[in-house]
Amino acid sequence: MKTPRMTLVALVVCAALSACGGQGAGDGTPAPSPSGGSPVTDATSTGPTDPADPTSAVPPPQAPTKPPGQGPSLPPGPGAATLTGTVEAGVEPGCRLLDGHQLVGGPADVLTPGTKVTVTGQAQPDMMTTCQQGIPFVVESARRA
């Protein structure tokens, strides 16, 4: 009785393996579709750009560079706020505070403890940080006041 069961199990395993094995050649080439057409792939074209299309070779616009410590060259985005005051050191190393806000990011050479600054950015009260003080404030720009 065990022999017919073992034979049946072996046949089912072989059928399953042969069905899985027919998925491709194992070398990364896709298997042909059941309808005989060519398979659909998600590869993108990496061919040369069209010289007749003026937008195909145009690099993305770059923001103008400005010396450190200079104010923003553009007005702040929606929801942005401006804070002015003296940067204080936080309890944890590397943490900087300004007017009850924890400064996240920004130029480190401008945002040193004891420096009077004006910063522009957005408060992110839901942001998790390692500093245990202040409301996180993501700095978009900073300058000495």
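How each quantity is defined
Residues numbered from 1 in each chain as written. Predicted model: local features only at pLDDT ≥ 70, side-chain atom pairs only at ≥ 80, totals over all residues. Heavy atoms only, no water. Disulfide = S-S within 2.5 Å. Helix = DSSP H or I, 4+ residues; strand = E, 2+ residues; numbered from the N terminus. Buried < 20%, exposed > 50% of the residue type's maximum accessible area, 1.4 Å probe, protein only. pLDDT = per-residue confidence, 0-100. Contact = heavy atoms within 4.5 Å. Pairing = 2+ DSSP bridges. Core = buried A, V, L, I, M, F, W, Y, C linked by side-chain atoms within 4.5 Å.

**Some remarks on the state of the cysteines**
Working definition: the covalent bond between the sulfur atoms of two cysteines is a disulfide. Scanning all chains against the criterion turns up 1 disulfide. In this model Cys 95 forms its disulfide with Cys 131; the gap between the sulfur atoms is 1.7 Å. On the S-S bond that ties Cys 95 to Cys 131, the torsion sits near -90 degrees, and the link is left-handed. Residue Cys 95 is located in the loop between strand S2 (88-89) and strand S3 (96-98), and its partner Cys 131 is located in the loop between strand S5 (116-123) and strand S6 (135-144); the two are separated by 36 residues in the primary sequence. The exposure classification of Cys 95 matches that of Cys 131, with both residues buried.

**Topic: the confidence of the model for the chain**
Of the residues in the chain, 55% reach a pLDDT of 70 or more, and the chain-wide mean stands at 75. The low-confidence segment residues 63-73, where pLDDT is below 50, has 14 contacts with residues more than four positions distant or belonging to other chains.

**A word on the pairing of S5**
Examined bridge by bridge, strand S1 (residues 81-86) and S5 share 6 bridges and lie antiparallel to one another. When the sheet's bridge partners are listed, Thr 84 is paired in S5 with Thr 118. Two strands pair when backbone bridges link them, and S5 and S6 are joined in this way by 7 bridges, in the antiparallel orientation. Bridging from a neighbouring strand, Val 119 pairs with Ala 142 of S6.

**Re the environment of Glu 88**
Among the secondary structure elements, Glu 88 is positioned in strand S2. A C-alpha to C-alpha distance of 9.1 Å links Glu 88 and Leu 111, two positions 23 residues apart in sequence.

**Observations concerning the nonpolar core**
Among the nonpolar cores identified, the biggest contains 11 residues, and these are Leu 83, Val 87, Leu 98, Leu 103, Val 110, Leu 111, Val 117, Val 119, Phe 137, Val 139 and Ala 142. Elements with a minimum of two residues in this core: S5 and S6. Counting residues per element, this core draws most heavily on S6, which supplies 3 residues.

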